[in-house]
Amino acid sequence: MTNPEGCEDYRRRIEELERDKAFLEAQVRELNALQDLGRAVRQEDSVDGLAQKAVEAVAHGVDAQLAYLFLKRYGSMGLAAFSIRNMDQSLSEQALDDLRNHDPFQCMCGQAIRQRQPVFSLDLEADDRCVLGHCRRAGIGSLAAMPLVVGGRSTGVLVLGTAAPRDFSLEQSALESLASLLAQGLERAILHEQLVLH
């Protein structure tokens, strides 16, 4: 004879263990992303090289399908790097074309830049702040726009997206750490680039 209450307790405990396991796996990915980003910051002096390596490291580390970076250089904000992972090829090409012609100040990216605060969207389809629709057309359902801030001024924005619903705000602390490290590294690379040019 089985004890129904005992079976229910075991089921609940197994569910708890599965949630704990998923949480720990996410933390390991985030720590690996910080380590990979830190390595890129230490090893790369080129702004373009660092931007691309950093975006790829962060996208992989936080398991984002789309990641891109707008950076302020030479007086204007432009696309500095992108990473597209595990997406339909035609959507990927459209997303890249859209990003190349994207004005980051016209969407949630701009809100993050102006307010120097992260902006999150659990459901881009229903989010009024997604006015241009580039990310939606790329198949992105959830998004995080992380401002890059150095010395109180916005120097860019790192955007991460997934097709499946995802509450990036639950990862805010880790994402802010990644954005801060990236901002500092890019500032150093920009200063290095300016020294070399003069």
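For the structure itself, look to the data block above.
Please read these numbers as outputs of a predicted model, since none were measured by experiment.

Calculation notes
Residues numbered from 1 in each chain as written. Predicted model: local features only at pLDDT ≥ 70, side-chain atom pairs only at ≥ 80, totals over all residues. Heavy atoms only, no water. Buried < 20%, exposed > 50% of the residue type's maximum accessible area, 1.4 Å probe, protein only. Helix = DSSP H or I, 4+ residues; strand = E, 2+ residues; numbered from the N terminus. Contact = heavy atoms within 4.5 Å. Core = buried A, V, L, I, M, F, W, Y, C linked by side-chain atoms within 4.5 Å. Salt bridge = Lys/Arg side-chain N within 4 Å of Asp/Glu carboxyl O. Pairing = 2+ DSSP bridges. Axes fitted to C-alpha atoms, helices over the stretch in contact; angles between N-to-C directions. Polar contact = N/O pair within 3.5 Å; in protein donor to acceptor, adjacent residues only side chain to side chain.

Trainee: Can you help me understand helix 4 (residues 108-115) in this one?
Mentor: When you tally the buried positions in helix 4, you get 6 out of 8 residues, the bulk of the element. Those residues of helix 4 lying buried are Met108, Cys109, Gly110, Gln111, Ala112 and Ile113. Contact partners of the buried residues in helix 4: strand 1 (66-73), strand 2 (76-84), strand 3 (119-121), strand 4 (142-150) and strand 5 (153-162). Two residues or fewer after helix 4 comes Arg116, characterised by a positive phi angle close to 55 degrees.

Trainee: Is there a simple way to explain the nonpolar core in this structure?
Mentor: Generally speaking, nonpolar side chains in soluble globular proteins are found buried as a group. Counting 34 residues, the largest nonpolar core has Leu69, Leu148, Leu158, Leu160, Leu175, Leu182 and Leu186 as the members making the most contacts within it. Mapped onto this core, the elements with two or more residues apiece are helix 1 (4-43), helix 2 (47-62), strand 1, strand 2, strand 4, strand 5 and helix 6 (172-197). Apart from residues no more than four positions distant in its own chain, Leu175 is found in contact with Val62, Phe120, Ala144, Met146, Leu160 and Phe168. One finds Tyr68, Ile140, Leu143 and Ala145 within the second-largest nonpolar core, a separate group that totals 21 residues.

Trainee: Is there a simple way to think about the pattern of salt bridges in this case?
Mentor: Close approach of charged atoms allows side chains of opposite charge to pair. For the structure shown, the criterion picks out 11 salt bridges. A salt bridge links Arg166 to Glu171; the shortest N-O distance between them is 2.7 Å. For the pair Arg166 and Glu171, one class covers both residues: buried. Here the salt bridges do not stand alone but share partners, grouping Glu8, Asp9, Arg11, Arg12 and Glu15 into one network.

Trainee: Just to check I follow, could you spell out the sheet that holds strand 4 for this structure?
Mentor: One key point about sheets: their strands pair by backbone hydrogen bonds, in either a parallel or an antiparallel sense. One open sheet accounts for 5 strands, arranged 2-1-5-4-3; its pairing is antiparallel. Both edges of this open sheet fall to strand 2 and strand 3, since each of them pairs with a single strand only. If you compare each strand with its neighbour and ignore which way they point, the axes differ by 15 degrees on average. Examined bridge by bridge, strand 1 and strand 5 share 6 bridges and lie antiparallel to one another. Looking at the pairing, Leu66 lines up with Gly161 of strand 5. Along the sheet, helix 2 makes contact with strand 1, strand 2 and strand 5, crossing strand 2 at roughly 45 degrees. Along the sheet, helix 6 contacts strand 1, strand 3, strand 4 and strand 5; its crossing angle with strand 4, the most-contacted strand, is approximately 45 degrees.

Trainee: Sorry if this is basic, but what is going on with the side chain of Ser142 here?
Mentor: Looking at the element boundaries, Ser142 is found in strand 4. Judged by relative accessible area, which is 0%, Ser142 ranks as buried. At 2.8 Å, the side chain of Ser142 and the backbone nitrogen of Arg166 are in polar contact. Those residues in contact with Ser142 that lie beyond four places of it in its chain are Ser121, Leu122, Asp123, Leu160, Gly161, Thr162, Ala164, Pro165, Arg166 and Phe168.

Trainee: Help me out: how do you make sense of the pairing of strand 4 in this one?
Mentor: Both faces of the sheet carry side chains from a regular strand, because those side chains alternate between them. For strand 4, a buried count of 8 out of 9 residues is recorded, marking the element as mostly surrounded by other parts of the structure. Across 3 bridges, the pairing between strand 3 and strand 4 is antiparallel. From the neighbouring strand, Phe120 faces strand 4, where its bridge partner is Ala144. Here strand 4 pairs with strand 5 via 9 bridges, running antiparallel. In the strand pairing of strand 5, Leu148 is matched with Gly156.

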